[in-house]
Amino acid sequence: MAIIERPGTGTTPVVVTPQQTLGAVKRPVATKGWREWLFTVDHKKIGIMYGVVAMVFFIIGGVEALLIRLQLAMPDGQILSADKYNQMFTMHATTMVFLFAMPMAGAFANYFLPLQIGARDVAFPRINALSLWLLIIGGLVLNASWFLGGAADGGWFMYAPNSGPIFSPSHGVDFWVIGLQIAGVASLLGSINLIVTVLNMRAPGMSLMKMPVFTWMILVVQFLLVFSLPVITVALVLLMLQRSYGATFFDVSQGADPLLWQHLFWIFGHPEVYVLILPAFGIISEVLPTFARKPLFGYPFVVFSGASIGLVGFGVWAHHMFASGLGPVSVAVFSVATMAIAIPTGVKIFNWLLTMWGGKIWYTTAMNFAIGLVVLFTIGGLSGVTHSVAPSDTQQTDTYYIVAHFHYVLFGGMVFGLFSGFYYWWPKVFGKMLNEKLGAWNFWFMVIGMNMTFGPMHILGLQGQPRRMYVWTEARAGEGFFNLGFWNLIASIGSFILAVGILFFLINVVITARSKQQAPLDPWDARTLEWLTTSPPKAHNFDRIPVVHHLDEFFHRKYEEDTATHTMKKVAEGEDLVRAEADAADAHIHLPSPSYWPILLSIGVGLLGLGVVYGIPMMVIGFAITLFSAYGWVLEPSVAEEIDFEPSDNDGNTKEIAPLG
Amino acid sequence: MAETATHTADHASEHGHETSTGLTNNKLAMWLFLGSECLLFGGLISTYMLYRGRVSDGPHPMAIFDIPFTSISSFVLLMSSLTMVLAVSSAQRGDDSRTNLWLTITAVLGATFVGGQVYEFTAFIREGLGFSTSLFGSSFYTLTGFHGIHVSVGVLMLLSTVGIIRKNKITGTKAEVVELVGLYWHFVDVVWIIIFTLVYLIPS
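Fair warning: this is a prediction, and the values are worked out from it, not measured in the lab.

The rules behind each value
Residues numbered from 1 in each chain as written. Chains lettered and ligands numbered in written order. Predicted model: local features only at pLDDT ≥ 70, side-chain atom pairs only at ≥ 80, totals over all residues. Heavy atoms only, no water. Helix = DSSP H or I, 4+ residues; strand = E, 2+ residues; numbered from the N terminus. Rg over C-alpha atoms; globule rule 2.2 N^0.38 Å. Buried < 20%, exposed > 50% of the residue type's maximum accessible area, 1.4 Å probe, protein only. Contact = heavy atoms within 4.5 Å. Areas by Shrake-Rupley, 256 points an atom, 1.4 Å probe, with all protein chains shown as cover. Lys, Arg positive; Asp, Glu negative; His and termini not counted. Charge placed at Lys NZ, Arg CZ, Asp CG, Glu CD. Core = buried A, V, L, I, M, F, W, Y, C linked by side-chain atoms within 4.5 Å. Patch = residues over 30% accessible without salt bridge, like charges linked within 9 Å, V, L, I, M, F, W, Y side chains within 5 Å. Salt bridge = Lys/Arg side-chain N within 4 Å of Asp/Glu carboxyl O. Polar contact = N/O pair within 3.5 Å; in protein donor to acceptor, adjacent residues only side chain to side chain. Axes fitted to C-alpha atoms, helices over the stretch in contact; angles between N-to-C directions. Parallel < 35°, antiparallel > 145°, perpendicular 65-115°, else oblique. Nonpolar A, V, L, I, M, F, W, Y, C, P; charged D, E, K, R; others polar. Expected span 1.5 Å × (residues − 1). Buried area = accessible area lost by both parts, 1.4 Å probe. Phe/Tyr/Trp six-rings, centres within 6.5 Å; stacked < 30°, edge-to-face > 60°.

A. Main features of the overall build of chain A. Within chain A, the secondary structure is distributed over 18 helices and six strands. Here the C-alpha atoms of chain A give a radius of gyration of 26 Å, agreeing with the 26 Å that 2.2 N^0.38 yields for 661 residues. Taken over 661 residues, chain A has a buried fraction of 60%. In chain A, once contacts between residues fewer than 6 apart in sequence are set aside, the share between residues at least 24 apart is 81%. Total accessible area on chain A stands at roughly 24,600 Å², and carbon and sulfur atoms take up 69% of it. For chain A, the centre of its 35 positive side-chain charges and the centre of its 41 negative side-chain charges are spaced 4 Å apart.

B. Quick peek at the nonpolar core. Core analysis: the biggest nonpolar cluster contains 244 residues, and Phe100, Phe411, Phe416 and Phe419 of chain A together with Phe140 of chain B have the highest contact counts within it. Of the residues forming this core, the biggest block, 22 residues, is contributed by helix α6 (residues 213-245) of chain A. When near neighbours in sequence (up to four residues on either side) are disregarded, Phe411 of chain A contacts Phe58, Phe406, Phe416, Met446, Met450, Phe454, Leu498 and Ile502 of chain A.

C. Focus on a nonpolar patch on the surface. A cluster of nonpolar side chains, namely Phe297, Phe350, Leu353, Leu354 and Trp357 of chain A, defines an oily patch on the protein surface of about 560 Å² accessible area. Secondary-structure assignment places Trp357 of chain A in the loop between α9 (328-356) and α10 (365-388).

D. Quick look at the environment of Val196 of chain A. Relative to the assigned elements, Val196 of chain A resides in helix α5 (residues 172-200). The class for Val196 of chain A is buried, based on a relative accessible area of 0%. Linking Val196 of chain A and Pro520 of chain A, residues 324 residues apart in sequence, is a C-alpha distance of 33 Å. For Val196 of chain A, the residues in contact, after removing those within four places along its chain, are Ala123, Phe124 and Met201 of chain A together with Asn25, Leu28, Ala29 and Leu32 of chain B.

E. Expanded view of the side chain of Ser163 of chain A. Residue and element names in this part refer to chain A. Of note, Ser163 is situated in the loop between α4 (125-144) and α5. Take Ser163: its relative accessible area is 1%, and that puts it in the buried class. At a separation of 3.2 Å, a polar atom in the side chain of Ser163 contacts the main-chain carbonyl oxygen of Met158. In contact with Ser163, not counting residues within four places along its chain, are Met158, Ser168, Val173, Leu239 and Arg243.

F. Spotlight on the packing of α10 of chain A against helix α13 (residues 436-462) of chain A. Residues and elements named next belong to chain A. Where α10 meets α13, the closest approach of the two axes is 10 Å, and the angle between their N-to-C directions is 10°. By the criterion of interaxial angle, the relationship of α10 to α13 is roughly parallel. From α10, Thr365, Asn368, Phe369, Leu376 and Ser383 reach across to α13, where they touch Glu436, Gly439, Ala440, Asn442, Phe443, Met446, Met450, Asn451 and His458. Classifying every residue of the contact of α10 with α13 by side-chain character gives six nonpolar, seven polar and one charged.

G. Structural context of helix α18 (residues 616-635) of chain A. Here α18 of chain A is 20 residues long and its end C-alpha atoms lie 28 Å apart, about the 28 Å a rise of 1.5 Å per residue gives. Where α18 of chain A is buried, its residues meet α4 and α17 (597-614) of chain A.

H. Structural view of the interface of chain B and chain A. Listed per partner, the contact involves 46 residues of chain B and 47 residues of chain A. When chain B packs against chain A, the two sides together hide about 3,700 Å² of surface, and 64% of this comes from carbon and sulfur. At the boundary of chain B and chain A, one finds zero salt bridges. Taken together, the connections running from chain B to chain A amount to 14 residue pairs in polar contact (both at pLDDT 80 or more). At the level of secondary structure, the elements contributing two or more residues to the side of chain B that touches chain A comprise α1 (4-15), α2 (25-51) and α6 (135-167) of chain B. With 15 residues, the single largest contributor to the side of chain B that touches chain A is α2 of chain B. For the side of chain B that touches chain A, the residue count by class is 18 nonpolar, 24 polar and four charged.

I. Quick peek at the packing of aromatic side chains. Residue and element names in this part refer to chain A. Counted by the stated rule, this structure contains 71 aromatic pairs over all chains. Relative to Trp531, the ring of Tyr424 has its centre 5.6 Å away and its plane inclined at 65°; by these criteria the two rings are edge-to-face. Separated by 107 residues along the polypeptide, Tyr424 in helix α12 (residues 400-430) and Trp531 in the loop between α14 (484-514) and α15 (553-558) bring together distant segments of the chain. Of the two residues, Tyr424 and Trp531, both sit in the buried class. Note on Trp441 and Phe504: the rings are 5.8 Å apart at their centroids and 35° apart in plane angle, and the pair reads as tilted.

In short, geometric facts, not functional conclusions.
Structure (structure tokens):
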């Protein structure tokens, strides 16, 4: 796990584990079993763990969504009480946004970002592990509230003063506030880590404009996070101080301004929307060119429109607040800014269409999901533009039309992008291909289910069905085509078709895991650097650091232009290129060593946070653990020193302890 | 904080590892963190500015602020930036004992500032401004308290750095570690200049 030595004769990499103590305790040395995962700092293992955690929360959030749809399927629903319903939609949204979407994008970013830029790990491997564990602790704190007196019930934007102690007396909101602060710290550390990685650790020759679009979009997202997370942290701290320590920030009787929370929340909340969607845009910008067998159309336009979406995304937050009486000037400014953001988004859509135009399209599941994103996101984007028109938004605000809109962009957009990524990169991560036949079932059930669930919500919303109502009554459901009962039932049936689609995916994962068939090294004839290594990649990613000459470097190593016909001709097989790398491997590769501190530190932070609910003693214990691990962390060199290894044998070679798995 | 960067710095000549920007990973990360902190204090300062005149109960800001006292403690904090600069410069010359001396003085000045703040808070509470008294009270204590915590963390970092240099347990380049602590320290000082001006000097 640490220094990989290659004796002159063989090329089999070996792991040399650190044995001695530096810092307060012995370093973890396991290269097998659960310890290997718990204390790892390898960005690939951390990425996989992010993915597993996000998937678990996706299922939890999905079950919550199904309960909501069951409740609304019939008039006077009896499945949930009003109180439980409030908790259900709050936790559904919170879980999906903070515990599924962001970590799943984090999984892809963690795994592929170093690989795409030709690096051996991220800039701060231990901080990377810390981000993961803090996220898990935050997620546990959030969901523990279900068993400790009820979950948060104020909607995912938790408007104050509705979220104050008077209207929300259970500890649910306290757990929510603490859990999100911890998850926020995790995200902030992760984003700093990834920005430094991209800016500082690119392979020689990889200028910014030779970076894959996925890496670019992740970079933009991390900048959004660095500058938006502190704002919600302020909001969360204010709410925490109000609920637990008697502050008055949202106490209207003292003259407080209820819009303060809304501004702070949406200054974070709107960039957050792009935090969710841009990784998916990045993924399909890799998938579409690969399966259309054409380079991405207008690469610089895709990159800069992504960056400008990020930039303008900071200046449109108040369009979430049109109904709150901001005054005509503010409304006009934010309205126009919101319309403007449709331009770079449209640029991207057209670039994707033109990438496919005239290509020899290969309809794999990954490609189907990518095309699905382009279509469904466009529908959601168009309904989004209708919100930017303030008078129209005043009609739509807090109705199911809004719910329809953001599920089209987030489910049809983001989730489809992530699924496209699953099918595209599965052979890279696990060395096995997901089953394409099951993939087709997965895709079509999801497409049909998603449109059946969220399509009718446009009609429901324009008919005036409000969001967050726990029952509707037959007496007021209307008649004919616009009968609320009919469309609510369709939406509920759709949600179960959608769930079956996702079940197909899970079955596919199990079947693939059991299959013995190995994936080829370059199954898709791919274009970017992550394919220039084995599947799954070795612990050190690349046998030698690639030198980059082109955008789509891997493609240009396989293809050369035939000057006579001006077409690209294959001159090398991807598999051969990967094997050639192994022969030219570097002899002396340092990798960061595993560490106990990230997981210990995050447990300390978790206890510190829970102390807000459970009192000072727990806070003191949490603080002590946090401080102790922080010192242990600082005193432990991230890369084990030579002295930290088994003594070398007579030839001066470091002793081989375990072969690399 | 020293991660692969340490390694990169240590072995830069050996392996030819250079960062793409020329800045070390640690320094770039610190700048990004401080950029993020700007927004954190931005949010807190905005909250204070929104609420500073809203006193439904308890004393009004201008009635309790002791400007001469806070000016002196602000001066003490600003002087600590000077000693921090001297510490960084000593560290870059490789003079360990001078570095430790200046770091300790910086920490003492910082602690003096925090002490002044504790004194000020107790005085205000005696005069009737509690945390829950008014919107002004809540937002004042939150903003200055957050800053006080930042200074305290800085003092802890300074003293830890002295300890680590003394025991020779530093895991990164010594000068860089001192410089990183310095960046954080100067940032906290700059934030105080803004808070002092907006909270104390401009009448509400």
